[in-house]
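Spelled out from the first residue to the last, the chains are:
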Amino acid sequence: MIMQDAPEQTVKYLSLLGQQFPNQQAVFTEIINLQAILNLPKGTEHFMSDVHGEYEAFLHILNNCSGVVREHVDEDFGDTLSEEEKDNLCTLIYYPHEKIALVHAAHQDSPTWYKRMLDQLITVARRLSSRYTRSKVRKAIPHDFAYIIDELLHTHPDENNYRVRYHERIIDSILETDSTEEFIYSLAELIKVLAVDHIHLVGDIFDRGGGAAKIMDRLLSCVHQRTDIQWGNHDILWMGAAAGDAACIVSVLRNNLRYNNYEILENDYGISLRGLVSFADRTYRGGERIDPLMKAIDVLLFKLEGQIIYRHPEFDMEDRLLLDKIDLEAGTVTIGDETHPLITSDFPTIDPEHPYELTPEEACIVQKLVDEFTGTDHLHSHIDFLFRHGSVYLVSSNNLLFHGCVPLNEDGTFASVNCEGTWRSGRDYLDFCDHIARRAWRDHDRDALDWMWYLWIGHRSPLSGRNVKTFERSFIEDKATWIEPMDPYFTLTHDPACCDMIMREFGVQPERGHIINGHTPVKTTSGEKPIRADGKLLVIDGGFCTAYHPKTGIAGYTLISSSRGMRLKAHEAFRTVTEAITHNADIRSETTQFAAAERRIMVADTDTGTKIREQIQDLRMLLDAYRTGLIKEH
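Residues numbered from 1 in each chain as written. Predicted model: local features only at pLDDT ≥ 70, side-chain atom pairs only at ≥ 80, totals over all residues. Heavy atoms only, no water.

Novice: Just checking my understanding: could you explain helix H18 (residues 360-375) for this structure?
Specialist: Three- or four-residue spacings in an α-helix give side chains the same orientation, since the helix completes a turn every 3.6 residues. With 16 residues, H18 ought to run about 22 Å at 1.5 Å a step, and its terminal C-alpha atoms sit 22 Å apart, in line with that. By the burial criterion, the buried members of H18 are Glu362, Ile365, Val366, Leu369, Val370 and Phe373. The arc that holds the buried residues of H18, viewed along the axis, is 140°, so those residues lie on one side. Exposed side chains of H18 directed beyond 90 degrees from the buried face belong to Pro360, Lys368 and Gly375. (Helix = DSSP H or I, 4+ residues; strand = E, 2+ residues; numbered from the N terminus. Expected span 1.5 Å × (residues − 1). Buried < 20%, exposed > 50% of the residue type's maximum accessible area, 1.4 Å probe, protein only. Arc of directions from axis to C-beta.)

Novice: Even after reading the chapter, I still don't get the sheet that holds strand E9 (residues 399-402), so can you show me in this structure?
Specialist: Backbone-to-backbone hydrogen bonds join strands into a sheet, with any given pair of strands oriented parallel or antiparallel. Pairing is mixed across the open sheet formed by 5 strands, whose spatial order is E8-E9-E12-E14-E13. Each of the sheet's edge strands pairs with one partner strand only, and the pair in question is strand E8 (393-396) and strand E13 (531-532). In the sheet, E8 pairs with E9 via 4 bridges, with the strands oriented antiparallel. Looking across to E9, one finds that tyrosine 393 is bridged to phenylalanine 402. Against the sheet, helix H24 (residues 496-505) contacts E9, strand E12 (514-517) and strand E14 (537-539), and its axis sits at roughly 90° relative to E12. (Pairing = 2+ DSSP bridges. Contact = heavy atoms within 4.5 Å. Axes fitted to C-alpha atoms, helices over the stretch in contact; angles between N-to-C directions.)

Novice: How should I be thinking about the environment of isoleucine 540 in this particular structure?
Specialist: As for its placement among the helices and strands, isoleucine 540 is situated in the loop between E14 and helix H25 (549-552). For isoleucine 540, a relative accessible area of 0% corresponds to the buried category. Between the C-alpha atom of isoleucine 540 and that of glycine 556, which follows or precedes it by 16 residues, the distance is 7.3 Å. Ignoring anything within four residues of it in the chain, the contact list for isoleucine 540 reads Phe47, Met48, Ser49, Val202, Ile516, Asn517, Tyr557, Leu559 and Leu568.

Novice: What should I look at first to understand the pattern of salt bridges in this one?
Specialist: If charged atoms from side chains of opposite charge come close, those side chains can pair. Inspection of every chain in the model, using the stated rule, returns 40 salt bridges. Of the charged contacts, one joins glutamate 75 and arginine 127 as a salt bridge, the two residues approaching to 3.3 Å between their closest N and O atoms. With glutamate 75 in helix H4 (residues 68-77) and arginine 127 in helix H7 (residues 111-129), this residue pair connects regions lying 52 residues apart in the sequence. We note a salt bridge from aspartate 428 to arginine 424, for which the minimum N-O separation is 3.2 Å. Given the relative accessible area of 36%, aspartate 428 is considered partly exposed. By relative accessible area, arginine 424 is classed as partly exposed at 23%. Linked through salt bridges whose partners overlap, the residues forming this network are Arg70, Asp74, Glu83, Lys86 and Asp87. (Salt bridge = Lys/Arg side-chain N within 4 Å of Asp/Glu carboxyl O.)

Novice: What exactly am I supposed to notice about the packing of aromatic side chains here?
Specialist: The description of an aromatic ring pair rests on the distance of the ring centres and on the angle between the ring planes. Applying the stated rule across the entire model yields 20 aromatic pairs. On the basis of an interplanar angle of 55° and a centroid distance of 5.3 Å, the ring pair of phenylalanine 302 and phenylalanine 471 is categorised as tilted. Of this pair, phenylalanine 302 sits in helix H17 (residues 292-311) while phenylalanine 471 sits in helix H22 (residues 470-475), placing them 169 residues apart in sequence. We classify phenylalanine 471 as buried; its relative accessible area is 3%. Feature note: the residues Phe206, Trp238, Tyr269 and Phe373 constitute an aromatic cluster, connected by ring pairs. (Phe/Tyr/Trp six-rings, centres within 6.5 Å; stacked < 30°, edge-to-face > 60°.)

Novice: For this particular structure, what's the right way to read helix H27 (residues 607-628)?
Specialist: Over its 22 residues, H27 extends 32 Å from the first C-alpha to the last, a length consistent with the 32 Å expected when each residue adds 1.5 Å. Taken residue by residue, H27 has Gly609, Ile612, Ile616, Leu619, Met621, Leu622, Leu623, Asp624, Ala625 and Tyr626 as its buried positions. Next to the buried residues of H27 lie helix H1 (8-20) and helix H2 (24-38). The backbone nitrogen of threonine 608 lies 3.3 Å from a side-chain oxygen of the residue at the head of H27, namely threonine 606. (Polar contact = N/O pair within 3.5 Å; in protein donor to acceptor, adjacent residues only side chain to side chain.)

Novice: Before we go on, may I ask you to explain the environment of glutamate 472 in this structure?
Specialist: Topologically, glutamate 472 is positioned in helix H22. Residue classification places glutamate 472 among the buried residues on the basis of a relative accessible area of 6%. Separated by 362 residues in the primary sequence, glutamate 472 and serine 110 have C-alpha atoms spaced 64 Å apart. Here glutamate 472 is in contact with Leu322, Ile335, Thr481 and Trp482, once residues within four sequence places are set aside.

Novice: Is there a simple way to think about the pairing of E9 in this case?
Specialist: The two faces of the sheet receive side chains in turn, since in a regular strand these alternate between them. A two-sided burial pattern is seen for E9, the buried positions comprising Asn399 and Leu401 on one face and Leu400 and Phe402 on the other. Where E8 hands over to E9, the hairpin turn is made up of 2 residues, of which serine 397 adopts a positive phi near 50°. Direction of pairing for E9 relative to E12: parallel, over a ladder of 3 bridges. Its bridge partner being in E12, asparagine 399 is matched across the sheet by histidine 514.

Novice: Hey, could you run me through the side chain of threonine 470 in this one?
Specialist: Considering the arrangement of structural elements, one finds threonine 470 in helix H22. Judged by its relative accessible area of 9%, threonine 470 falls in the buried class. Looking at threonine 470, its side chain comes within polar contact range of the side chain of arginine 320, at 2.9 Å. Excluding its chain neighbours within four sequence positions, the residues that come into contact with threonine 470 are Arg254, Leu301, Phe302, Arg320 and Ile457.

Novice: Sorry, what's going on with the packing of helix H14 (residues 246-258) against H18 here?
Specialist: Each packed pair of helices is defined by two parameters, the angle between the axes and the distance between the axes. At their nearest, the axes of H14 and H18 sit 10 Å apart, and the two run at 85° to each other. Between H14 and H18, the interaxial angle falls into the category roughly perpendicular. Contact with H14, carried on its side by Ala246, Ile249, Val252 and Leu253, involves Val366, Leu369, Val370 and Phe373 of H18 and no other residues of that element. Partitioning the contact of H14 with H18 into residue classes produces 8 nonpolar, no polar and no charged. (Parallel < 35°, antiparallel > 145°, perpendicular 65-115°, else oblique. Nonpolar A, V, L, I, M, F, W, Y, C, P; charged D, E, K, R; others polar.)

Novice: Which parts of the structure should I look at to understand the environment of arginine 438?
Specialist: Structurally, arginine 438 is set in helix H20 (residues 426-443). Each C-alpha atom of the pair arginine 438 and phenylalanine 387 lies 7.2 Å from the other, and the pair is 51 residues apart in sequence. A polar contact of 2.9 Å, which involves the side chain of arginine 438, links it to the backbone oxygen of phenylalanine 387. In terms of polar contacts, arginine 438 uses its side chain to reach the backbone carbonyl oxygen of glycine 390, at 2.8 Å.

Novice: Would you explain the pairing of E12 in this entry?
Specialist: In E12, alternate side chains face the same way, and those of His514 and Ile516 on one face and Ile515 and Asn517 on the other are all buried. Taken together, the 3 bridges between E12 and E14 define a ladder with parallel strand orientation. By the bridge assignment, asparagine 517 is partnered in E14 with valine 539.

Novice: Sorry if this is basic, but what is going on with the side chain of serine 129 here?
Specialist: Positionally, serine 129 belongs in helix H7. Polar side-chain contacts of serine 129 include one of 2.9 Å to the backbone oxygen of arginine 126. If we ignore the near neighbours within four places in the chain, the residues touching serine 129 are Val137, Leu153 and Leu194.

Structure, rendered in structure tokens:
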């Protein structure tokens with residue numbers, strides 16, 4: 001490799017790289033290290049979707065890594081431990097603080113118990129750590145015990161068993177110094193970090209369940225695990241609300257009050273509803289099927305949506321303009337050629353001449369809500385995390401991940417959408433959606449904020465993909481008006497050829513790639529399957545949300561991708577953390593193995609391997625620059 005005629009920009013880049021690797025010895029060492037990493041098994045990836053604020057179920061799935069921890073415990077101990085002993089060990093790994101408190105209360109916390117638990121935890125951690133470099137494992141070990149745990153993980157018998165005796169002496173010292181519990185906490189956390197190398201959340205962390213803020217806090221604390229998020233329609237709604245879009249804010253209120261989630265609004269994010277409640281009670285009649293607060297929110301929402309639709313005729317959302325179709329005297333609304341009776345005619349703030357204008361009092365309430373949503377630091381930190389770690393879609397190791405859909409026409413071609421004057425489709429359209437969302441968070445300009453509302457509910461939104469009938473479901477008895485047509489994507493992708501077309505659009509090789517979706521609960525009770533199109537499409541929204549369990553028949557799907565292939569996990573409903581701790585009540589899961597690897601998948605076979613080979617190439621260029629004197633060593 002000859003560097004004398006290297007371009008100026010290349011020399012500048014190599015000079016910067018040389019600051020990290022200042023001499024040939026440093027370059028040699030890093031190349032050797034990277035070459036070794038390429039020959040390690042790929043890390044385990046954990047895919048989840050549509051957790052919808054179900055914090056306890058999410059936490060348990062995160063803790064047990066969809067059963068991966070139990071699989072390793074079974075491999076490590078086989079028949080040497082009873083099923084009950086393995087159950088106890090797993091629960092200790094999942095909930096170390098709570099399990100130890102239970103052992104304390106039962107007076108079972110003897111030195112023998114502590115030593116046995118330490119030995120078992122070290123055995124599991126040692127097996128898991130063998131898949132990674134020592135450098136990576138060290139970074140994952142809690143700082144206070146890094147040196148000691150590193151020694152324990154790499155103790156192996158020698159000719160005179162010096163290392164084994166050294167190991168035993170460390171354990172004895174831990175017991176003698178009363179630091180056993182802290183070591184157990186650290187080892188349990190290390191095991192969970194090493195069991196899963198990468199977490200993919202394929203959308204919809206927010207709404208329905210009340211624990212979304214706790215889920216976000218937990219994700220913020222997972223500093224040693226790589227995490228990415230593909231935004232769902234409920235996530236983008238909260239993102240738009242935190243950016244200051246009034247229609248998104250009122251939609252957030254509506255969603256959470258429908259599910260009685262006052263706690264996340266008032267306790268987690270400090271958003272007061274007092275002014276809105278007072279206004280609703282003064283303005284709307286009580287004693288109807290719709291309570292005054294929900295009616296006030298609905299009217300605010302339809303007014304704000306109407307204003308957006310009038311500003312953006314290109315959204316093609318005129319079918320949602322129904323306030324001007326209401327006959328207040330008759331108590332009816334006309335939709336197309338049909339007139340339907342309303343379940344209420346109590347709309348004192350709607351001016352028939354200007355139905356989409358807010359009254360002065362409504363405008364004041366909306367502005368206060370905007371100020372509260374944009375002013376809460378806790379919410380800001382969560383939404384900032386979503387932007388830093390999230391995107392509309394992700395291509396990862398030949399898998400295409402997105403929450404909802406890639407909008408299609410009935411004939412299977414990509415649907416074109418007017419994006420600020422430019423018609424876009426396929427990958428280009430999803431890239432635009434990603435860009436406009438970031439612009440809304442960064443610049444807060446009106447058009448970008450309006451797009452956040454569209455991404456939440458628009459007919460051609462890749463995060464939604466259906467024609468949502470909010471007004472009809474709120475005010476019309478006739479359920480025939482509630483039907484919500486879905487984007488053709490959701491039927492056409494049962495065909496492998498359609499999935500192949502979509503994967504090629506995003507640079508994924510169809511012969512070995514997969515599309516991984518959330519968004520639409522898999523109704524197993526109706527015979528629906530999560531693996532579709534001959535295994536090319538995986539729908540992993542099985543219904544974490546408790547409200548979906550009667551329809552889905554299960555409590556969620558998760559996907560595991562390891563060096564041995566892919567496995568889909570169908571989970572039974574999670575009970576409570578208390579039951580998990582007191583009765584070792586793990587979530588029972590049914591595993592479907594598919595896309596089994598013909599040979600072990602190594603780091604070299606992944607996207608990470610591609611990046612490492614590029615790094616090695618750059619380091620070889622730097623080495624050549626040192627050898628030719630183009631760049632001086634330090």
